[in-house]
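# Structure at a glance
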Amino acid sequence: MTSFVHRGQITKVVFGSGTRNLVAAEADALGCRRVLVLCTPGRTDQAEEISDLLGPAVVGTFAEAAPHTPVDVTARAVDHVRAVRADSVLAVGGGSTIGLGKAIALRTGLPQLALPTTYAGSEMTPILGETEDGRKTTRRLPEVLLRTVVYDVDLTLALPTAVSVVSGVNAMAHAVESLYAQDRDPVALLMAGEAIDALTRALPAIVRSPDDAEARADALYGAWLAGTCLGTVGMALHHKVCHVLGGTFGLPHAETHTVVLPHVVAYNAPAAPEAVARIRRALPGEDTGAALFGFAERLGAPTGLRDLGMPESGIERAAELIVRDGYWNPRPVDRDAARDLLARAWAGEPPHTPPGGGTTHTGHRTSTGAHHA
Ligand code: NAD
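## With respect to the domain arrangement of the protein
Interface size is commonly expressed as the accessible area that is lost once the parts come together. What the domain assignment lists for the protein is domain 1 (12–156) and domain 2 (161–347). Distance between the C-alpha centres of domain 1 and domain 2: 26 Å. In this assembly, 19 residues from domain 1 lie in contact with 25 residues from domain 2. Together domain 1 and domain 2 conceal approximately 1700 Å² of surface at their shared face, both sides included; 65% is due to carbon and sulfur atoms. Here domain 1 and domain 2 share zero salt bridges between them. The interface formed by domain 1 and domain 2 holds seven residue pairs in polar contact (both at pLDDT 80 or more) in total. Those elements that place two or more of their residues in the side of domain 1 that touches domain 2 are strand E1 (12–16), strand E7 (135–140) and strand E8 (148–152). In terms of residues, the side of domain 1 that touches domain 2 owes the most to one element, E7, which gives three residues. Among the residues making up the side of domain 1 that touches domain 2, the classes are represented as nine nonpolar, seven polar and three charged.

Right under this line is the structure:
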């Protein structure tokens, strides 16, 4: 008999095409009468289009969202919220914009809604990553969960193909690590498998035809499921590696996930046979790490950390940071293993499964705590 704990989600999800037209009603249903729209500096046109749909319920746009949620931007945003007496925030954008909404909610207690435009999945998680003085800290805080998420496939049609690919593989990474998460549960496993199926179907179709609405819907559906997984179970080595690389070298988020994922899957494979078997249903092949590497390569994604701006001299430091803090992983990770994995990922070489690491579903913890994002 399997024993498990499943954490349900409180976020209302509206999914479809043209659903942005329902945002005003969804805001109204939450009692929001003074909505502040959030976006990144380059996305003000889209934010204005959404503001028009909100009509008199909108009190303005704050267009300074930035990657990794810098706390100085949040401080300005909170001042703005107070100045315009906003009673809610609506994030229109990807993980950066949604992160700003969460940071505002944490400081003000205001309800948040989102119209996600990438596949990062942050809208479905209670995870907030913030940066201050060049240091990123990540916390799981139930109070930052969104009230309503409106997925409108139409808003993703213009997401550039290259961004779509890495953003989609970023979502796949959430699902993959959920398959072997220490606290995985039957619902998370179903969602993770379905997410991997949808994203592996959708991404090649999007590369062939970026305005294929069915493929876009499939990708967004997969991203929703993968984000939900990220929000409900703990992550492991892959998210730890990406967190260290993003925080230490400022590497781009989704691209880093895309490069690292095949290497971590190859490393963890001997200790996570059920996860590997589930991934194989979507990506056939004896060697699942190699299958993921080939998948990303065929989609034109970057394969080497050196191409993302990581210095070779940073490998040793990153290996040290990866093993220093505690987090759970199905296969033990020591500094040599982390260094070898990083060296291959840095050079863009195919992944490698080091010998050993046999089947263990009790897993391994370097010290304490599950890793978040
Ligand atoms: P992003 O939000 O930074 O967006 C990337 C770029 O694409 C931005 O310049 C944005 O303006 C642009 N863009 C967004 N949607 C577009 C569209 N439809 N068409 C054209 N351009 C568009 O990137 P992201 O990958 O979505 O998010 C990354 C951030 O999210 C990181 O800071 C990461 O740490 C965070 N994140 C957090 C969680 C969580 O659970 N807390 C989960 C995943 C990612």
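There is more to say, and it comes next.
## So, the packing of aromatic side chains
Geometry of an aromatic ring pair is reported as the spacing of the ring centres plus the angle between the planes. The tally for this structure, following the rule as stated, stands at two aromatic pairs. Consider the rings of Phe 15 and Tyr 151, whose centres lie 5.8 Å apart with planes at 45 degrees: the pair is tilted. One end of the pair, Phe 15, is in strand E1; the other, Tyr 151, is in strand E8, and 136 residues separate them in sequence. Over the ring of Trp 346 we find Arg 306, and its NZ or CZ is 5.2 Å from the ring centre. It is Arg 331 that lies over the ring of Tyr 267; its NZ or CZ is 4.5 Å from the centre.

## Quick notes on the nonpolar core
Counting 78 residues, the largest nonpolar core has Leu 237, Leu 245, Leu 305 and Leu 342 as its most contacted members. No fewer than three residues from each of domain 1 (12–156) and domain 2 (161–347) sit in this core. Discounting chain neighbours no more than four positions away, the residues touching Leu 305 are Leu 245, Leu 251, Thr 256, Val 259, Val 260, Met 310, Leu 342, Ala 345 and Trp 346. Membership of the second largest hydrophobic core comes to 16 residues, among which are Ala 27, Cys 32, Val 35 and Val 37.

## Considering the site of the ligand
Among the 20 residues in the neighbourhood of the ligand, the closest are listed as Thr 40, Ser 96, Thr 117, Thr 118 and Thr 125. Within the side chain of Ser 96, a nitrogen or oxygen atom sits 2.6 Å from an oxygen atom of the ligand. A distance of 2.6 Å separates an oxygen atom of the ligand from a polar side-chain atom of Thr 118. When the ligand sits alone it has 870 Å² of accessible area, and the protein chains cover 82% of it. Looking at the shell around the ligand element by element, the count peaks at three residues for helix H4 (residues 95–108). Grouping the constituent residues of the shell around the ligand by class yields seven nonpolar, 10 polar and three charged.

## A closer look at the environment of Arg 20
As for its position among the elements, Arg 20 is in the loop between E1 and helix H1 (23–29). For the pair Arg 20 and Ile 206, spaced 186 residues apart in the sequence, the C-alpha separation amounts to 22 Å. With near-sequence residues (within four places) excluded, Arg 20 lies in contact with Glu 49, Ile 50, Leu 53, Leu 115, Val 150, Asp 152, Asp 154 and Leu 155. Polar side-chain contacts of Arg 20 include one of 3.0 Å to the side chain of Glu 49.

## Considerations on the pattern of salt bridges
Side-chain pairs of opposite charge can arise where the charged atoms are in close proximity. Evaluation of the coordinates by the stated rule reveals 16 salt bridges. Here Arg 20 ties to Asp 152 by a salt bridge, and the two come within 2.7 Å at their closest N and O atoms. Of this pair, Arg 20 sits in the loop between E1 and H1 while Asp 152 sits in strand E8; the two residues are 132 residues apart in sequence, bridging distant segments of the chain. Take Asp 152: its relative accessible area is 0%, and that puts it in the buried class. Three or more residues are tied together by salt bridges with common partners; here these are Arg 20, Glu 49, Asp 152 and Asp 154.

## Quick notes on the sheet that holds strand E5 (residues 112–116)
Strands in a sheet are paired, the pairing made by backbone hydrogen bonds, and the direction either parallel or antiparallel. The six strands lie next to each other as E1-E8-E5-E4-E2-E3, forming an open sheet whose pairing is parallel. Only two strands of the sheet have a single neighbouring strand rather than two, namely E1 and strand E3 (58–62). Across the sheet, the mean angle from the axis of one strand to that of its neighbour is 15 degrees, orientation sign disregarded. As defined by bridge partners, strand E4 (residues 88–93) adjoins E5 across five bridges and the pair is classed as parallel. The residue of E5 that forms the bridge with Leu 90 is Leu 113. Sitting on the sheet, helix H3 (residues 71–83) touches strand E2 (35–38), E3 and E4, and the angle it makes with E3 is about 160 degrees.

## Re unusual backbone geometry
A positive phi angle is found at His 68, which is not glycine, with a value near 65 degrees. The topology assignment puts His 68 in the loop between E3 and H3. Taking relative accessible area as the criterion, His 68 reaches 26% and is therefore assigned partly exposed. Residues other than glycine seldom take positive phi values, yet Arg 85 does so here, at roughly 55 degrees.

## Considering the environment of Ala 86
Position of Ala 86 relative to the elements: it lies in the loop between H3 and E4. A residue is classified by how much of its surface remains accessible, and Ala 86, at 11% relative accessible area, is buried. Residues in contact with Ala 86, not counting those within four places in the same chain, are Arg 34, Leu 36, Val 59, Val 81 and Leu 110.

Procedures and definitions
- Residues numbered from 1 in each chain as written.
- Predicted model: local features only at pLDDT ≥ 70, side-chain atom pairs only at ≥ 80, totals over all residues.
- Heavy atoms only, no water.
- Domains from an automatic or database assignment.
- Contact = heavy atoms within 4.5 Å.
- Buried area = accessible area lost by both parts, 1.4 Å probe.
- Salt bridge = Lys/Arg side-chain N within 4 Å of Asp/Glu carboxyl O.
- Polar contact = N/O pair within 3.5 Å; in protein donor to acceptor, adjacent residues only side chain to side chain.
- Helix = DSSP H or I, 4+ residues; strand = E, 2+ residues; numbered from the N terminus.
- Nonpolar A, V, L, I, M, F, W, Y, C, P; charged D, E, K, R; others polar.
- Phe/Tyr/Trp six-rings, centres within 6.5 Å; stacked < 30°, edge-to-face > 60°.
- Lys NZ or Arg CZ within 6 Å of the ring centre and 35° of its normal.
- Core = buried A, V, L, I, M, F, W, Y, C linked by side-chain atoms within 4.5 Å.
- Buried < 20%, exposed > 50% of the residue type's maximum accessible area, 1.4 Å probe, protein only.
- Near = heavy atom within 4 Å.
- Areas by Shrake-Rupley, 256 points an atom, 1.4 Å probe, with all protein chains shown as cover.
- Pairing = 2+ DSSP bridges.
- Axes fitted to C-alpha atoms, helices over the stretch in contact; angles between N-to-C directions.

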